[in-house]
Amino acid sequence: MRMKRNPAAVSVRSGQVEFVKVNTDVWRWRDVYRWLLSLRWPQFAALVATLYLALNFLFATLYSLQKDSIAGSTGGHWFFDCFFFSVQTLATVGYGHMYPQTLYGHIVTTIEIMSGLFLLAVMAGLIFVRFSRPIARVAFSRSIVIAPLNGKPTLMVRIGNENHHSMVEAEFRIMFSRDEPLIEGGDFRYFYNLKLHFDRLTVFSAALTLRHVIDEKSPLHGATAESLEAVRALLFVSVVGIDPVIAAAVQTQRDYTWRDIQFGYRFVEIYGQYDDGKLTVDYGRLHDTEPVS
């Protein structure tokens, strides 16, 4: 039996590139968990507040359907009494001034207490995961530069560790992608791992520049700004390492298009030295470049 697919489109963004998936499964309940974790903190807080208020308004409406379901109300503002009684019940506070006095009120209260326990468990778990999830605070230069280095044309991208502690067992990777013509006609997307001067460091403390020498074996050999535009060139830079504070793996990445490549430029020097021998790193100039004569 052939499975019927939903023709609705799903938009997925990967850096600067956006993919629109069609004829695929649009929604799975398991995706809710990933979606909640992917929200920014202001969005997550707004969602929790909206859900909390909506749930209390729902149960306040249910309580208000029977006028004498709650004892101890002020009488003048029945719906507000129901709402704040719902807030107390959902939080299992129980001040004692208002309480359910009918079978209907007890049933609704029981359902709300069960809902509150479930909501509290889910939200506490999500907040814990969001707080405990390790983040690789790595800054990438806004552009990639290509210029002679030690007499050889070299592609360079600068990265900086923004954490106040070192990353250990750090691995670096640059992938180059472009369209290439086929003998049969048309184009095909090819991907190349660029060979770096170094692709692993035991300790990644501050800032460094990843370098790829453009020689005859490099897929970038003979490339120009015009040729990279024609093949819709993309570069992906990734960093994977271990956060020693929480002993967990972290990773981050950034993509660049042909527009982000500067030919004939190099990164400015950001390292300095105090009189006592300490090195300074100016993160404010991490993205700055200068032309090469």
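Residues numbered from 1 in each chain as written. Predicted model: local features only at pLDDT ≥ 70, side-chain atom pairs only at ≥ 80, totals over all residues. Heavy atoms only, no water.

**What to know about the overall build of the protein chain**
Where we set the bar: Secondary structure is summarised from DSSP: a helix means a run of H or I of at least four residues, a strand means a run of E of at least two, and numbering begins at the N terminus for each. The globule rule is 2.2 Å times the number of residues to the power 0.38, and the radius of gyration it is compared with is taken over C-alpha atoms. Relative accessibility thresholds used throughout: buried, under 20% of the residue-type maximum; exposed, over 50%; partly exposed, between the two (1.4 Å probe, protein chains only). Residue contacts are counted whenever heavy atoms from the two residues lie within 4.5 Å of one another. To measure how exposed things are, a 1.4 Å probe is used in the Shrake-Rupley method; for residues, cover is taken only from the protein chains shown. Charged residues are defined narrowly, with Lys and Arg counted positive, Asp and Glu counted negative, and His plus the chain ends left uncounted. To locate a charge, take NZ of a lysine, CZ of an arginine, CG of an aspartate or CD of a glutamate.
If you tally the helices and strands in the protein chain, you get five helices and 18 strands. For the protein chain, the C-alpha radius of gyration of 29 Å lies well beyond 19 Å, the compact-globule estimate for 293 residues. The principal-axis extents of the C-alpha atoms in the protein chain amount to approximately 90 × 70 × 30 Å. Taking all 293 residues of the protein chain together, 32% fall into the buried category. Within the protein chain, contacts between residues separated by at least 24 positions form 61% of all contacts whose residues are at least 6 apart in sequence. About 18,900 Å² of surface is accessible on the protein chain, with carbon and sulfur atoms providing 60% of the total. The average position of the 29 basic charges and that of the 27 acidic charges among the side chains of the protein chain differ by 4 Å.

**Digging into the nonpolar core**
Applied cut-off: Residues enter a nonpolar core if they are buried and are Ala, Val, Leu, Ile, Met, Phe, Trp, Tyr or Cys, with the set joined through side-chain atoms within 4.5 Å.
Residues I159, F172, I174 and L235 are the most contacted members of the largest nonpolar core, which totals 28 residues. At the level of elements, β5 (138–140), β6 (144–149), β7 (152–161), β8 (167–181), β11 (207–213), β12 (234–243) and β13 (248–257) are the ones that each hand at least two residues to this core. Contact partners of L235, with chain neighbours within four places excluded, come to I144, L155, I174, M175, F176, L194, R254, D255, Y256 and I261. Ranked by size, the runner-up nonpolar core spans 19 residues in total, among them A60, I70, M98 and L119.

**What to know about empty space enclosed by the protein**
Short version of the rule: Cavity: a set of points on a 1 Å grid over the protein atoms alone where a 1.4 Å probe fits but cannot get out. Pocket: an open set with protein on both sides within 12 Å along at least five of seven lines, its lining residues, like those of a cavity, having an atom within 4 Å of a point. Grid points are joined across faces, edges and corners, and a volume is the space filled by probe spheres set on the points. Three categories are distinguished: nonpolar for Ala, Val, Leu, Ile, Met, Phe, Trp, Tyr, Cys and Pro, charged for Asp, Glu, Lys and Arg, and polar for the others, with Gly belonging to the last.
Evaluated as defined, the whole model comprises one cavity of 30 Å³ or more. The volume enclosed by the largest cavity comes to roughly 40 Å³. In terms of lining, the largest cavity is formed by I135, N161, N163, H165, S166, M167, I242, D243, P244 and V250. Grouping the constituent residues of the lining of the largest cavity by class yields five nonpolar, four polar and one charged.

**Points about a nonpolar patch on the surface**
Note the following rule: Patch definition: residues above 30% relative accessible area lacking any salt bridge, with like charges linked at up to 9 Å and the nonpolar side chains Val, Leu, Ile, Met, Phe, Trp and Tyr linked at up to 5 Å. Salt bridge, as applied in this entry: a Lys or Arg side-chain nitrogen positioned within 4 Å of an Asp or Glu carboxyl oxygen.
There is a patch of nonpolar side chains on the surface, built from Y52, L53, F57 and F79 and spanning about 340 Å² of accessible area. Among the elements that make up the nonpolar patch, the one with the highest residue count is helix α2 (residues 41–64) (three residues). Inspection of the secondary structure assignment puts F79 in helix α3 (residues 78–90).

**Some words on the side chain of E112**
Along the chain, the position of E112 falls in helix α4 (residues 103–132). Discounting chain neighbours no more than four positions away, the residues touching E112 are N56, F59, Y63, S86, T89 and L90.

**Some points on unusual backbone geometry**
The phi torsion at E169 lies on the positive side, around 50°, for a residue other than glycine. As for its position among the elements, E169 is in strand β8. Judged by relative accessible area, which is 38%, E169 ranks as partly exposed. With a phi close to 50°, R232 is a non-glycine residue in the positive phi region. The residue R232 is located in the loop between α5 (225–230) and β12 in this model. Given a relative accessible area of 52%, R232 falls into the exposed group.

**Remarks on the pattern of salt bridges**
A complete count under the given rule lists seven salt bridges for this structure. The salt bridge involving R189 is made with D179; its shortest N-O contact spans 2.8 Å. Pair noted here: R189 is in strand β9 (residues 187–193) and D179 is in strand β8, with a separation of ten residues, a long-range link. Residue class for R189 comes out partly exposed when judged on its relative accessible area of 22%. Several salt bridges share partner residues, and in doing so they unite E169, E171 and R200 into one network.

**Examining the environment of L234**
Summarising the element assignment, L234 is placed in strand β12. Its relative accessible area of 14% is what places L234 among the buried residues. In this structure, the C-alpha to C-alpha distance between L234 and V17, residues 217 residues apart in sequence, is 9.6 Å. The contacts of L234, once residues within four sequence positions are left out, are V17, M175, F176, S177, R189, Y256 and T257.

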